[in-house]
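Breakdown of the fold
Here's the letter readout for the chains.
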Amino acid sequence: MLLIFGLGYTAARIAAAWPGATLGTTRDGRDGSLRFADAAAVRPAIAAATHILSSVPPEGEDDPVLARYGDALDGRRLFYLSSTGVYGDAAGAWVDESAPTGSRRRAARAAADAAWLARGARVFRLPGIYGPGRSPLDRVAAGKAHRIGLPDQLFSRVHVDDIVGGVLAARDAPAGAYNLADDRPCSQDEVVAFAAHLLGLPPPPVVALETLSPMARGFYAENRRVANGKAKRLLGWRPAYRDYRFGLRALNAMTSPTPVSAAPAVASGDQR
């Protein structure tokens, strides 16, 4: 059985694809899940699990799962959904799993990443996640997208279904860190403009960086390309959506109305 701590957007899709029984926790025990703080229910579930995956982010300086249940995890195959934010700013350079971690902006995440690695987990370092209901298409359609006019500010991203594929491919893989990212890092402006094009809308406006929230400014303060070669070599994984264009086209096809077949045009009287 797979026990998932933090049954959110990505983890729920992993649960749906897992070839076996799954059980998950949420903060409030909604939809038949276990309430995270209910140790009387969670500890027996840990004991019954063969695989455990955590998608729970740090709270303050602590990892909530390790702080509350770390003493019960031994003997299980462990998985942790981390972030490529642990690499910090690379000035646009490529980073792989050998790059140093410990980003000051993501110090708690880097500490949790290291703690799960120390326990022998398969740690998946994820860049910007997009997928059904959570993509640049949705933000553009809702009028919430913008550009910042920094074409050299580069990021990686990954479709949620490619994360699912990576986790499934790692069920029997060696412990360690794995970057799951697509093959084409690029600027956020490029992605947003393409999303607008698919929707038949003008590109969103360019806004000044200093007008954004501190969190958003922190996002744009980092610049890196994420290499995915290790996951390809050791897991046999390949992203089904190798760049944002494939991913956004697929999402747009899912949500666009199916065109009605038009009647054939009336024959012209001009027989030239």
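Keep in mind the model is a prediction, meaning the values are calculated, not measured.

Tallying secondary structure elements over the chain gives 10 helices and 13 strands in all. Taking the principal axes of its C-alpha atoms as reference, the chain extends roughly 85 × 45 × 35 Å. Put simply, the chain has 272 residues, and 45% of those count as buried. Taking the intrachain contacts of the chain between residues at least 6 apart in sequence as the baseline, contacts between residues at least 24 apart amount to 79%. Computed over 33 positive and 26 negative side-chain charges, the inter-centroid distance for the chain is 2 Å.

Following the sequence through the fold, Q188 ends up in helix 7 (residues 188-199). A distance of 3.3 Å separates the side chain of Q188 from the side chain of R157, its partner in a polar contact. Those residues in contact with Q188, other than ones at most four positions away along the chain, are R139, Q153, F155, R157 and Y220.

Inspection of helix 2 (residues 39-48) places V42, A45 and I46 among the buried residues, and these make up the whole buried set. Relative to the axis of helix 2, the buried residues are bounded by an arc of 105° and lie together on one face. Away from its buried face, by an angle of more than 90 degrees, helix 2 presents the exposed residues A40 and A47. Packing partners of the buried residues in helix 2 comprise strand 1 (2-5), strand 2 (22-26), strand 3 (34-35), strand 4 (51-54) and helix 3 (64-69).

Any pair of aromatic rings gets described here by the distance separating the centres and the angle formed by the planes. A complete count under the given rule lists 11 aromatic pairs for this structure. Relative to Y244, the ring of F194 has its centre 5.6 Å away and its plane inclined at 80°; by these criteria the two rings are edge-to-face. Of this pair, F194 sits in helix 7 while Y244 sits in helix 10 (residues 244-255), and the two are 50 residues apart along the sequence. In textbook terms, an aromatic cluster arises when at least three aromatic residues are bridged by ring pairs, as seen for W18, F79, F124 and Y178. Between R171 and the ring centre of W18, over which it is positioned, the NZ or CZ distance is 6.0 Å.

In this structure the tally under the stated criterion is 11 salt bridges. A salt bridge links R13 to D161; its shortest N-O distance comes to 3.0 Å. Linking R13 in helix 1 (residues 9-17) with D161 in helix 6 (residues 160-169), this pair joins segments that are 148 residues apart in sequence. For R245, the salt bridge is made with D243, and the minimal N-O distance between the two is 2.8 Å. One connected set of salt bridges, linked through shared partners, spans R105, E222 and R224.

It is worth spelling out the nonpolar core at this point. Counting 22 residues, the largest nonpolar core has I14, L53, L81, F124, V167, L180 and L235 as its most contacted members. When contributions to this core are tallied by element, the ones reaching two or more residues are strand 1, helix 1, strand 5 (77-83), strand 7 (122-126), helix 6 and helix 9 (229-235). Discounting residues that sit within four places of it in the chain, L235 has contacts with G166, A169, A170, A173, Y178 and K230. The next biggest cluster of nonpolar side chains, apart from the first, holds 21 residues, and it includes F36, V42, L78 and V123.

Once that is clear, we can look at the side chain of D182. Locating D182 in the fold gives a position in the loop between strand 11 (176-179) and strand 12 (186-187). Buried and unpaired, D182 has no salt bridge, with R157 as the nearest side chain of opposite charge at 5.1 Å. Other than its neighbours up to four places away in sequence, D182 contacts R157, V226, N228, P239, Y241, R242, D243 and Y244.

This part is about the confidence of the model for the chain. Across the chain, the average pLDDT comes to 92, with 94% of residues at 70 or higher. For the stretch residues 257-272, pLDDT sits under 50, and the model shows zero contacts to residues farther than four places along the chain or on other chains.

This part is about the pairing of strand 5. Counting buried positions over the seven residues of strand 5 gives six, a clear majority of the element. The pairing of strand 4 with strand 5 spans four bridges and is classified as parallel. By the bridge assignment for strand 5, H51 is matched with R77. As paired elements, strand 5 and strand 7 share five bridges and run parallel to each other. Residue Y80 lies in a different strand from strand 7, and its bridge partner there is V123.

Before going further, it helps to spend a moment on the packing of helix 1 against helix 6. Between helix 1 and helix 6, the shortest axis-to-axis distance is 9 Å and the interhelical angle comes to 55°. Comparing their axes, helix 6 and helix 1 come out oblique. In the crossing of helix 1 with helix 6, the sense of the turn from one axis to the other is right-handed. Counted together, Y9, T10, R13, I14 and A17 of helix 1 and V160, D161, I163, V164, V167 and L168 of helix 6 form the full contact between these two elements. In terms of residue class, the contact of helix 1 with helix 6 is built from eight nonpolar, one polar and two charged.

The rules behind each value
Residues numbered from 1 in each chain as written. Predicted model: local features only at pLDDT ≥ 70, side-chain atom pairs only at ≥ 80, totals over all residues. Heavy atoms only, no water. Helix = DSSP H or I, 4+ residues; strand = E, 2+ residues; numbered from the N terminus. Buried < 20%, exposed > 50% of the residue type's maximum accessible area, 1.4 Å probe, protein only. Contact = heavy atoms within 4.5 Å. Lys, Arg positive; Asp, Glu negative; His and termini not counted. Charge placed at Lys NZ, Arg CZ, Asp CG, Glu CD. Polar contact = N/O pair within 3.5 Å; in protein donor to acceptor, adjacent residues only side chain to side chain. Arc of directions from axis to C-beta. Phe/Tyr/Trp six-rings, centres within 6.5 Å; stacked < 30°, edge-to-face > 60°. Lys NZ or Arg CZ within 6 Å of the ring centre and 35° of its normal. Salt bridge = Lys/Arg side-chain N within 4 Å of Asp/Glu carboxyl O. Core = buried A, V, L, I, M, F, W, Y, C linked by side-chain atoms within 4.5 Å. pLDDT = per-residue confidence, 0-100. Pairing = 2+ DSSP bridges. Axes fitted to C-alpha atoms, helices over the stretch in contact; angles between N-to-C directions. Parallel < 35°, antiparallel > 145°, perpendicular 65-115°, else oblique. Left-handed = near helix turned anticlockwise from the far one by under 90°. Nonpolar A, V, L, I, M, F, W, Y, C, P; charged D, E, K, R; others polar.

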